[in-house]
Amino acid sequence: MDSQEVGVLLQECLEEAEIQRDKKEELKPTEEQRQAYGNCRDALCLELSSLLQEAEQMQWPFAPEKWQFKQSVEASDKTNLSDLIKKNLHPLLGLLKASIQSQEPVCALAVVFLVDRFLYWTDESSRLLKITKLLHKLHPEAPVAPQLVIRQARVYLNSGKLQKAEYILSSLINNSGTTGCWQYQSDSDRALVQAVSVQVRGMILQKLGLWLEAAELIWASVVGYYALPKPDKKGIGTSLGLLANILVSMNDEDFSAFKDTPDIDLSLLGESSHRLLSAAQAAKMAVVYSQYTSLYVLTNVVSQGTSLLSYSFSIDCPSSLCRSYLLQAQEAFEIGLLTKSSTETVTSIQELHTFLKSAYSLAITKKWLGANPSIVNQAKQACQKALGLFYDYCNAQNQEKDALCSDIMKLIGKVKDLLQVAAFENSDKLSFIPDSYKNIQEKTVDFNLEKFSKMILKFKKFHATLSEMDRSCKSVKGEQTKYCITAFGTTVGNLNPECSTQSNLHDTNTSSSDDLGSSWNKISFSNSLRSGSSGSATAARIQSLTKTDHDQNPSSFNVENLAKSLTSSSASSQSWSFQLQAALETVDTDSDLEKVVQSLSDSYGSTSSWEKLSPFPRSKPMLSKVGSKSSESSDSIFHLETLDSETPDPLNASSNNGNPNMANGNAVVSSKPNLIEAANQCASTEPSTDSSFEILEQVKIENQEEKKEHRDDPKEEKNAQCHSCLNGSFGSSSEGQYVLTEQDYNALLGGVCHPCLLKRLNSDTTFKLKEHRMAYAGLHLKFSKTTGLWTARETCVYIGEDMHLTGKQRAALWVQFLHQEERLSSYVGKDYLQPRPIEFHLKDVERQMTAQFYVTQFNKSLYEREQMAQIFFIPSEALLILEGNQIVGCVTVEPYMLGEFVKLTNNTVKKQKRLEATKYGLAFGHFTYLISGGQEVVVDLQGWVTGNGKGLTYLTDPQIHSTKTPKGPSNFAERGLRYFLSEQHGPKCNEICEKLQLPPVPSLSSPIPQSL
């Protein structure tokens, strides 16, 4: 069946479920419908009939593979359930439709259970989960498999709804896998569900850039899989592959802390003590464990190759061994490319993306091995063309996908031919790996369920027991409520849900002092882009909005003494669960969506956390559709992001009503930005307002002083891990400041410190992207505050459409790149409206990752008092856009988030008093002031919070007032510290500061303390 046929059948099943939901009186199925159900069931082959019966009897929480739990695998076991499902998908979906019509919910949900994994990898989870929820609401007594509940969490993770994913996983971890009326056959099945839940939670922290915390969770899942009566090889392989990716991104200090954790024994990964070699070994083990499934082999060998390629540039890699590791990386990428031929069908976004990454990485590896530059460039250009098609594939309708997939695979085949990828020696034709990989020796491990239970008990501190939900379902017999797939949601909602009109909003008592506005000027709703054809390659389709409830009983929080080791980088920042009320609601039609958008436009007004929703005077609003794989039930409003940056807008500046026309800009613009004028105009992130809270920072910078503040580098000691500090080979090319030499690549790929990078790219030359809808070669730059290093990877970048979200300084756009942390997630790029030097982008990233470093310490202090609240700054990274070896642009990127965007504080004195999260934000500012020795404070807190303001808070685009770095348009230095201490925080600590026992902030006359 092609993707269009699958889509049609699923839609028919969904419509049948909706008919059942919407009928006004209960109708019994007809005899004809019962007969059709019986015929469909009888038509199944014997193997499927047996599996269906076992699913109905709840024999296993996850549909198993034949080889998954066997130590010795026979030839008949070396198949995959997906192959059986693919061959019988038409009769299975026919049975699903018939079972819905004949009101056989147990059978219907068993069919959903069996086809779930296959349809997830063909990007059809959206409708299947909608069917699941409808069936569960209609028949709450019918069991829903834990696999489906966790699938919902995975889809939320991919689409940027991290809060919802967190709550589902927290419940399963905390309640030993309890979900709805599902009955487990053994305690080991419960342990398996907990292991998978911990694994997916680790993926969330990986997405948030919390490598150490993510690695700890992934390791716990490894222990859980090994501890089962029959170890789960599929689970072990998946977790080891994830661990490999995390170790590649982790810094060496965190890796040292990870190794020293009492519950972790990395001898499982061999004798190597180097982070990247441990990553390569973990990935290789994952390959062997999953050798009978092509997708898993592809995914894990690419992780292995990436680890080895990165190590070959590490300062720790002996020069005599560099070529050896490059050859091993080459072999890994080639194995991945050989898992499918160019004529085979690939129906998974993840698989296509990973094929592209493998092909591009092989071209890069061949380049460093000295291959013909012309051949390498042809291969890279084929990959760039394929990435453009891949972007279109992710946004295409079902009927268009098959042709696009075919074109992509042909281009990958071209790369294989250009780079002469040859078959390897393999004595087992059912395996996808060479014989040389099969000699890996398994190590004996002492993992048992008791040890796993102790590890889970530790994590339960972060996952407080969920209270009984108001909207939990009950069985028809009125049994006790239980957690189920429809009962999970977030309490994110309108801050003033009782206000539905502008007049009501203006009567709100808090509006005059609490309104912070947004750092966006406009949100543009446009119908100029056809449905499903625009937006991020993996963004959730904007088809519905959140309908939420307020938490009516906010509980008080207790935070204890900030006592131990504030400088430790091993803080565990796990999340938690609490009472939820909002069930998942969907808006199914464009007309319904427009009504909701119009209602939001009418009701937000001046008290919204947004400056303004487009007013749509006398016209019907239209919402730009953002198409993608993860469209499931997109039940929250699109990502509303803040883009404040180096230079805030003037107070009297008018709003930017249009979207930036970036297609006509120049690649390199030589004019210098007018920093003097911008600095003089404004020093607040607030919108134009007459508020009495507005405070202006009169910054006057002469031309010479500006150059000094923005161009000179502070004198710092050499970084012992910086390639440039150690080798002194990082310098401008004779061909131009922005032409990268081989020495530059070696330094960037090996890691360079922040001062060295700024010095290398120091220039008055400014940049703006030349055009959108185009693939480029690029360098993916990550910054670690702990080590002070920037580390690069060569990648391929696709710059997508403008998101039509314009901030005061930057515009948001969709970005897809091959080395993004989450293949199935969406990424948002940010480019300045006016040409800017590259250092602006780098400082944006450095500032956000500094805030993340501080908040990790803050979360640790909350954890030490078992406080169920956590704050996260989503990770920011930089992409240098290249033409050949010349830098022609730069964008910052971060994961796409869905939910209501709010602003807790600005960068002067304002604060959002209505949100409980603001108390935590102010306590965090107080904390950063103390931990930095009175030299810094993180302000301008904005992002996504839960409705009662407690629990999970995700922030982005902070500002930092600092006396450590030169004063500038957004860094008010000592005056900024005074703003925070005397006005925004104020002389009196709030309850969170008190429960943390933070020392009081100094009065204006007190000296700034140098330490805690």
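Here we summarise the structure given alongside this text.

Reading the values: the criteria
Residues numbered from 1 in each chain as written. Predicted model: local features only at pLDDT ≥ 70, side-chain atom pairs only at ≥ 80, totals over all residues. Heavy atoms only, no water. Axes fitted to C-alpha atoms, helices over the stretch in contact; angles between N-to-C directions. Helix = DSSP H or I, 4+ residues; strand = E, 2+ residues; numbered from the N terminus. Parallel < 35°, antiparallel > 145°, perpendicular 65-115°, else oblique. Left-handed = near helix turned anticlockwise from the far one by under 90°. Contact = heavy atoms within 4.5 Å. Core = buried A, V, L, I, M, F, W, Y, C linked by side-chain atoms within 4.5 Å. Buried < 20%, exposed > 50% of the residue type's maximum accessible area, 1.4 Å probe, protein only. Pairing = 2+ DSSP bridges. 1 Å grid on protein atoms, 1.4 Å probe; cavity = no way out; pocket = protein on both sides within 12 Å on 5 of 7 lines; lining within 4 Å. Points joined across faces, edges and corners; volume = space filled by probe spheres on them. Nonpolar A, V, L, I, M, F, W, Y, C, P; charged D, E, K, R; others polar. Phe/Tyr/Trp six-rings, centres within 6.5 Å; stacked < 30°, edge-to-face > 60°. Expected span 1.5 Å × (residues − 1). Salt bridge = Lys/Arg side-chain N within 4 Å of Asp/Glu carboxyl O. Disulfide = S-S within 2.5 Å. Arc of directions from axis to C-beta. Polar contact = N/O pair within 3.5 Å; in protein donor to acceptor, adjacent residues only side chain to side chain.

**Quick word on the packing of helix 17 (residues 349–368) against helix 18 (residues 373–395)**
At step 1: Relative orientation of the contacting elements helix 17 and helix 18 amounts to 165°, with a least axis distance of 9 Å. Of the possible angle classes, the one that applies to helix 17 and helix 18 is roughly antiparallel. Where helix 17 crosses over helix 18, the two elements pack in a sense that is left-handed. Contact residues: Ile349, Leu352, His353, Leu356, Ala359, Tyr360, Ala363, Ile364, Lys366 and Lys367 in helix 17; Val376, Ala379, Lys380, Cys383, Ala386, Leu387, Phe390, Tyr393 and Cys394 in helix 18.

**A few points about the nonpolar core**
At step 1: Trp219 and Phe258 are the most contacted members of the largest nonpolar core, which has 213 residues in total.
At step 2: Apart from residues no more than four positions distant in its own chain, Phe258 is found in contact with Leu212, Ala215, Glu216, Trp219, Leu243, Leu247, Ile264 and Leu266.
At step 3: Membership of the second largest hydrophobic core comes to 35 residues, among which are Phe858, Ala869, Leu922 and Leu977.

**Points about the sheet that holds strand 12 (residues 901–903)**
At step 1: Strand order in this open sheet of four strands is 9-15-14-12, and the pairing throughout is mixed. If you trace the sheet from one side to the other, it starts and ends with strand 9 (870–873) and strand 12, each paired once. Here the strands of the sheet are splayed against their neighbours by 35° on average, with no regard to which way each runs.
At step 2: Bridge count between strand 9 and strand 15 (residues 952–956): four bridges; the pairing is parallel. Directly across from Ile871, in strand 15, lies its bridge partner Thr953.
At step 3: Across the sheet, helix 9 (residues 162–174) is in contact with strand 14 (942–944) and strand 15; its angle to strand 15 comes to roughly 150°.

**What about the environment of Phe817?**
At step 1: Here Phe817 shows up in strand 7 (residues 810–817).
At step 2: Sequence separation of Phe817 and Gly778 is 39 residues, and the distance between their C-alpha atoms is 8.8 Å.
At step 3: Not counting residues within four places of it along the chain, the set of residues in contact with Phe817 comprises His353, His780, Thr795, Cys796, Val797, Tyr827, Glu877, Leu879 and Val893.

**Some points on empty space enclosed by the protein**
At step 1: Taken as a whole, this structure holds 14 cavities of 30 Å³ or more when the rule is applied.
At step 2: Considered as a void within the structure, the largest cavity measures approximately 820 Å³ in volume.
At step 3: Where the lining of the largest cavity is concerned, the elements lending two or more residues are helix 6 (105–121), helix 8 (146–159), helix 10 (187–207), helix 12 (233–249), helix 15 (294–313) and helix 17.
At step 4: Top contributing element to the lining of the largest cavity by residue count: helix 12, with nine residues.
At step 5: Of the residues contributing to the lining of the largest cavity, the split by class is twelve nonpolar, 18 polar and ten charged.

**Things to note about the packing of helix 1 (residues 3–22) against helix 5 (residues 89–101)**
At step 1: Here helix 1 crosses helix 5 at 10°, and the two axes come no closer than 9 Å. By the angle between their directions, the pair helix 1 and helix 5 is classed as roughly parallel. Where helix 1 approaches helix 5, its residues Val6, Leu9, Leu10, Glu12, Cys13, Glu16, Ala17 and Gln20 are matched on the opposing element by Leu89, His90, Leu93, Leu96, Lys97, Ile100 and Gln101.
At step 2: Tallied by class, residues from the contact of helix 1 with helix 5 come to nine nonpolar, three polar and three charged.

**Digging into the packing of aromatic side chains**
At step 1: Under the counting rule described, the total for this entry stands at 22 aromatic pairs.
At step 2: Measuring from centroid to centroid gives 6.4 Å for Trp67 and Tyr292, while their planes differ by 55°, and the two rings are tilted. Of this pair, Trp67 sits in the loop between helix 3 (46–56) and helix 4 (81–87) while Tyr292 sits in the loop between helix 14 (275–289) and helix 15, placing them 225 residues apart in sequence. Side by side, Trp67 and Tyr292 carry an identical accessibility label, which is buried.
At step 3: Relative to Phe447, the ring of Trp219 lies with its centre 6.1 Å away and its plane at 90°, an arrangement referred to as edge-to-face. In this pair, Trp219 is assigned in helix 11 (residues 211–227) and Phe447 in the loop between helix 19 (398–418) and helix 20 (449–459), connecting sequence segments 228 residues apart.
At step 4: What makes Trp219 buried here is its relative accessible area of 0%.

**Concerning the pairing of strand 5 (residues 774–784)**
At step 1: Among the eleven residues that make up strand 5, ten are buried, leaving the element largely enclosed by the rest of the structure.
At step 2: Two elements, strand 5 and strand 6 (residues 789–807), share eleven bridges in a ladder whose sense is antiparallel. For Gly778, the partnering residue across the bridge sits in strand 6 and is Thr795.
At step 3: Between the antiparallel neighbours strand 5 and strand 6 lie four residues, among them Gly788 with a positive phi of about 75°.

**Some points on helix 7 (residues 125–138)**
Structural remark: α-helix, 3.6 residues per turn; residues separated by three or four positions point the same way.
At step 1: A rise of 1.5 Å per residue sets the reference length of helix 7, with its 14 residues, at 20 Å; its end C-alpha atoms lie 20 Å apart and thus fit the reference within 8%.
At step 2: Of all 14 residues in helix 7, twelve are buried, a share of seventy percent or more.
At step 3: When we look at burial in helix 7, the residues that qualify are Ser125, Ser126, Arg127, Leu128, Leu129, Lys130, Ile131, Thr132, Lys133, Leu134, Leu135 and His136.
At step 4: In this structure, the buried residues of helix 7 make contact with helix 1, helix 5, helix 6, helix 8 and helix 19.

**A closer look at the pattern of salt bridges**
At step 1: Under the counting rule described, the total for this entry stands at 31 salt bridges.
At step 2: Its salt-bridge partner being Glu794, residue Lys367 comes within 2.5 Å of it at the nearest N-O pair. Linking Lys367 in helix 17 with Glu794 in strand 6, this pair joins segments that are 427 residues apart in sequence.
At step 3: Look at Glu794 and you get buried, because its relative accessible area is 10%.
At step 4: Because the salt bridges share partners, they merge into one network encompassing Arg810, Lys830, Asp844, Arg847, Glu894 and Asp957.

**Regarding the state of the cysteines**
At step 1: The tally for this structure, following the rule as stated, stands at zero disulfides.
At step 2: Cysteine Cys107 shares no disulfide, and the gap to the nearest cysteine sulfur, in Cys40, comes to 9.4 Å.
At step 3: The exposure class assigned to Cys107 is buried, which follows from its relative accessible area of 2%.

**Focus: helix 20**
At step 1: Buried within helix 20 we find Phe452, Met455, Ile456 and Phe459. Buried positions in helix 20, seen along its axis, are confined to an arc of 100° and lie on one side of it. Facing away from the buried side of helix 20 by over 90 degrees, the exposed positions are Glu450, Lys454 and Leu457.
At step 2: For helix 20, the secondary structure elements touched by its buried residues are helix 9, helix 10 and helix 11.
At step 3: Residue Asn448 occupies the N-cap position of helix 20, its side-chain oxygen lying 3.2 Å from the main-chain nitrogen of Glu450.

**Focus on the pairing of strand 11 (residues 886–895)**
At step 1: Counting buried positions along strand 11 yields nine of ten residues, so the element is predominantly enclosed.
At step 2: Where strand 10 (residues 877–883) and strand 11 come together, seven bridges link them in antiparallel fashion. Residue pairing for strand 11: Glu877 is matched across the bridge by Val893.
At step 3: Hairpin connection of strand 10 to strand 11: two residues between the antiparallel strands, including Gly884 at a positive phi of 70°.

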